[in-house]
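Residues per chain are reported as follows:
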Amino acid sequence: FCFKFLLLHPVSSFISLLIRSSSKNMAVSRRRFGRKSGRFVLPFFALALFLLVPSKQTQNTLAMVPEVGTAGLVALAVAIVLALMLLPLLLPLLKYWRIMFFFWFGGRYADAKKRFGLNGRSCSHLYSLALVPWLMSKPHYRTGTFREDMRTNLRNVVLPTGFYGLPLSVWALTRLHAVVAILVVIPFAAFWGAWYRRLLGMDSAYACFTRTLFDPRDWFQLWRLNCRLASMTALATKSPDFEKEDKWNFIKGCYDNNLPTTPALELPKTLVAKDVNEEGGMGIHVLKNVLHGGNWLLQEKLLNHSDVAKLLPKESPLSTMRVVTGSYGALKLLGASVDKNKKLCNSLCAVWRAGREGASTDHSCVMVDIPDPRGAQVLGTGSTSAHWYAAGFKSFGKSLSTVDGSIDHHPDTDLLLRGCKLPQVKEALELCERSHELLIPSVPLAGWDVAFAAQDDPKAPPKLVLLEANLSCNFFRGTVNWEEYGNILDLHFQALDRKFFG
């Protein structure tokens, strides 16, 4: 009786629910399952209590199966708990797998939007993710292949576990590794992340799980999506604009277009740097100037303007603002129509990186959002992604997930950053939009690092200086113009699908 009522009934009911819901949209499925979940949850809990807390009446029953033992009961209880956690998330997981196989078996971008009811941003994410195994062997504008670029850029990024950080580059070794990551690792991480955020009261498990799979907002997946867009656009257009990823080519382009950038030193031809405490030939670095055939760009160090420095610790690095801009310039090269009345380049996001005490660069920072860079131009709340870079046992004890905008004060000075104002934020956005149009119009997205540099006259306003443009950029957890961003993704991936697959 217990076996039939407590186990077979909920399992058979769940299977029938899957069958009835297979053709329904996810909102309807969620509503039906959520409101009637008691008929599944209560029988499973009853079974767990029946097995783990046996009464006198059930002792004889347990004695009939002595081979199970305490370990078996614990394992069964764990399995039941995991099943209870998984059941509400099974429908979106099945849809995610279905979409992956749809693309792998020749499904087209436009058909997927109609068939699965996806918006442009969601379809762009899933389509480009499914194409990663195909893209891995293709040439990359920055390194030999896309696979090599993934291995290079993911070697210091880990999946936060709170225990041990394994570099994500392991999932870029082969196409098989990539397929396993797409089908197993991403859903697994989404599952545990969803329940972690649910237990801490940060989010709904269902909402977080479905968002992670279909419409991610976390900095890592957005970064990888932007990388795939840049790689596929460069592969399809063969545009020389992507050569501006090289820092020296970028500076030369700025020189040619009278854009403010950090000047390169012509002399010395070769710089020798020695550690004063090393011996035996160690601690010596020979840097040959790029202007004389070397690979090293030699520049003077810039200092933060006083209006920026007052928001930072005394010993802090040059703290730049990341401005992400988008462009429609590549669409013409891809054979797609372009709205002539639409502005070619637009800013999508602005984040200030508040450097940490003693750091050499602002890669060690608090990422402070600027939610209204054209209006109020004041700082919002800050976030950190340091737990994504905690390799090995450095990850022990760190959070699995954090809330965007959870930091109000600088962690080294306790200064309240929210509400403070940076100088010339609007001017920096306009500079980046103009630079995108002049330098790299056929690059869909670019992340500009802008410095508010001090001038010789301490009373002079800051000098805006472009340090570099990152063509595979991320948003640093800032406020994004999602509508404009989604439109850029949608138009480009539609055109890329037609370009590559007819």
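Below you will find a few notes about this structure.

Conventions used here
Residues numbered from 1 in each chain as written. Predicted model: local features only at pLDDT ≥ 70, side-chain atom pairs only at ≥ 80, totals over all residues. Heavy atoms only, no water. Helix = DSSP H or I, 4+ residues; strand = E, 2+ residues; numbered from the N terminus. Buried < 20%, exposed > 50% of the residue type's maximum accessible area, 1.4 Å probe, protein only. Areas by Shrake-Rupley, 256 points an atom, 1.4 Å probe, with all protein chains shown as cover. Patch = residues over 30% accessible without salt bridge, like charges linked within 9 Å, V, L, I, M, F, W, Y side chains within 5 Å. Salt bridge = Lys/Arg side-chain N within 4 Å of Asp/Glu carboxyl O. Contact = heavy atoms within 4.5 Å. Polar contact = N/O pair within 3.5 Å; in protein donor to acceptor, adjacent residues only side chain to side chain. Pairing = 2+ DSSP bridges. Axes fitted to C-alpha atoms, helices over the stretch in contact; angles between N-to-C directions. Core = buried A, V, L, I, M, F, W, Y, C linked by side-chain atoms within 4.5 Å. 1 Å grid on protein atoms, 1.4 Å probe; cavity = no way out; pocket = protein on both sides within 12 Å on 5 of 7 lines; lining within 4 Å. Points joined across faces, edges and corners; volume = space filled by probe spheres on them. Nonpolar A, V, L, I, M, F, W, Y, C, P; charged D, E, K, R; others polar. Phe/Tyr/Trp six-rings, centres within 6.5 Å; stacked < 30°, edge-to-face > 60°. Lys NZ or Arg CZ within 6 Å of the ring centre and 35° of its normal.

### Considering the overall build of the chain
Check the secondary structure of the chain and you find 18 helices and eight strands. Within the chain, the proportion of its 502 residues that are buried is 48%. When the accessible surface of the chain is summed, it comes to about 25200 Å², and 58% of that surface belongs to carbon and sulfur atoms.

### A few points about a nonpolar patch on the surface
Among the surface-exposed residues, Val 74, Val 78, Leu 82, Leu 176, Val 180, Val 184, Phe 188 and Trp 192 lie close enough to one another that they form a single nonpolar patch of about 710 Å² accessible area. Where the nonpolar patch is concerned, the elements lending two or more residues are α5 (69–86) and α11 (175–199). Here Leu 176 shows up in helix α11.

### Section: helix α14 (residues 247–256)
Along α14, the residues that are buried comprise Trp 248, Phe 250, Ile 251, Gly 253 and Cys 254. Those residues of α14 hidden inside the fold are in contact with α17 (425–439), β7 (445–453) and β8 (463–470). Structurally, the start of α14 carries an N-cap: the backbone nitrogen of Trp 248 is 2.9 Å from a side-chain oxygen of Asp 246.

### What about the pattern of salt bridges?
As enumerated under the stated definition, the model contains 17 salt bridges in all. Between Arg 197 and Asp 203 there is a salt bridge; the shortest N-O distance is 4.0 Å. The residue Arg 374 makes a salt bridge to Glu 433 at a minimum N-O spacing of 2.3 Å. With Arg 374 in the loop between β5 (365–369) and β6 (382–383) and Glu 433 in helix α17, this residue pair connects regions lying 59 residues apart in the sequence. The class for Arg 374 is partly exposed, based on a relative accessible area of 36%.

### Description of the environment of Arg 155
Of note, Arg 155 is situated in the loop between α10 (146–153) and α11. A residue is classified by how much of its surface remains accessible, and Arg 155, at 55% relative accessible area, is exposed. The spacing of Arg 155 and Ala 172 is 17 residues in sequence and 9.8 Å in space, taken between C-alpha atoms. A distance of 2.3 Å separates the side chain of Arg 155 from the backbone oxygen of Thr 152, its partner in a polar contact.

### Re the pairing of β5
For a regular strand, side chains alternate in direction, first toward one face of the sheet and then toward the other. Counting buried positions along β5 yields five of five residues, so the element is predominantly enclosed. Neither face of β5 is open: one carries Cys 365, Met 367 and Asp 369, the other Val 366 and Val 368, and all of them are buried. The sheet contact formed by β5 and β6 spans two bridges and is antiparallel. Across the sheet, the residue bridging to Val 368 is Gly 382, located in β6.

### Brief notes about the side chain of Thr 402
The residue Thr 402 is located in the loop between β6 and α17 in this model. Under the relative-accessibility criterion, Thr 402 is labelled buried at 18%. Of note is the side chain of Thr 402, whose polar atom sits 3.0 Å from the side chain of Arg 477. When sequence neighbours within four positions are dropped, the list of residues in contact with Thr 402 reads Arg 197, Met 202, Thr 384, His 387 and Arg 477.

### Digging into the sheet that holds β6
Read from one edge to the other, the open sheet built from six strands follows the order β6-β5-β4-β3-β7-β8, with strand pairing classed as antiparallel. The two strands at the open ends of the sheet, each matched to only one other strand, are β6 and β8. Here six bridges tie strand β3 (residues 321–327) to β7, and the two strands are oriented antiparallel to one another. Paired with Arg 322 across the bridge in β7 is Asp 449. Sheet strands touched by α14: β7 and β8. Its angle to β8, the strand with the most contacts, is close to 135°.

### A short note on the nonpolar core
The nonpolar side chains of a soluble globular protein tend to be buried, and buried together. Grouped together as the largest cluster of nonpolar side chains are 72 residues, with contacts concentrated most on Tyr 96, Phe 103, Tyr 485 and Phe 493. The element contributing the most residues to this core is helix α13 (residues 219–237), with 10 residues. Judged by nonpolar contacts, the second largest core, of 41 residues, contains Leu 417, Leu 429, Leu 439 and Leu 464.

### Re the environment of Ala 359
When you line up the elements, Ala 359 lands in the loop between β4 (345–355) and β5. Classification of Ala 359 by relative accessible area gives buried; the value is 19%. Considering only alpha carbons, one finds Ala 359 and Pro 317, 42 residues apart in sequence, at a separation of 6.0 Å. With near-sequence residues (within four places) excluded, Ala 359 lies in contact with Glu 315, Ser 316, Pro 317 and Ser 364.

### Brief notes about the layout of surface pockets
The calculated volume of the largest pocket comes to roughly 1900 Å³. Together, 50 residues line the largest pocket, and Thr 361, Asp 362, His 363, Asp 449 and Glu 468 are the ones closest to its centre. Those elements that place two or more of their residues in the lining of the largest pocket are α10, α13, α14, β5 and β8. Its residues assigned to classes, the lining of the largest pocket shows 20 nonpolar, 16 polar and 14 charged.

### Here we look at unusual backbone geometry
Of the consecutive residues Leu 267 and Pro 268, the connecting peptide bond is found in the cis state with omega at 5°. With phi around 55°, Asn 258 is a residue other than glycine that occupies positive phi space. Using a relative accessible area of 72% as the deciding quantity, one classes Asn 258 as exposed. Residue Phe 476 is not a glycine yet carries a positive backbone phi of 50°.

### With respect to the packing of aromatic side chains
In this description, an aromatic ring pair is defined by two values, namely the gap between the centres and the angle between the planes. Within this structure, the stated rule accounts for 26 aromatic pairs. A ring pair is formed by Tyr 141 and Phe 242, whose centres lie 5.1 Å apart and whose planes are at 50°; its orientation type is tilted. On the criterion of sequence distance, the pair formed by Tyr 141 in the loop between α9 (132–135) and α10 and Phe 242 in the loop between α13 and α14 is long-range, its members being 101 residues apart. Given a relative accessible area of 21%, Tyr 141 falls into the partly exposed group. Both rings, one in Phe 475 and one in Tyr 485, keep their centres 4.9 Å apart while their planes meet at 85°; by these two values the pair is edge-to-face. With Phe 475 in the loop between β8 and α18 (482–501) and Tyr 485 in helix α18, the pair connects residues that are 10 residues apart, well separated along the chain. Three or more aromatic residues joined by ring pairs make a cluster, and in this case those are Phe 102, Phe 103, Tyr 109, Phe 116, Tyr 127 and Phe 493. The residue whose ring lies beneath Lys 95 is Phe 214, and the NZ or CZ to ring-centre distance is 5.8 Å. Here Arg 217 stacks its cationic end above the ring of Trp 482, 4.3 Å away from the centre of that ring.

Shape is all these values report; function is a separate question.
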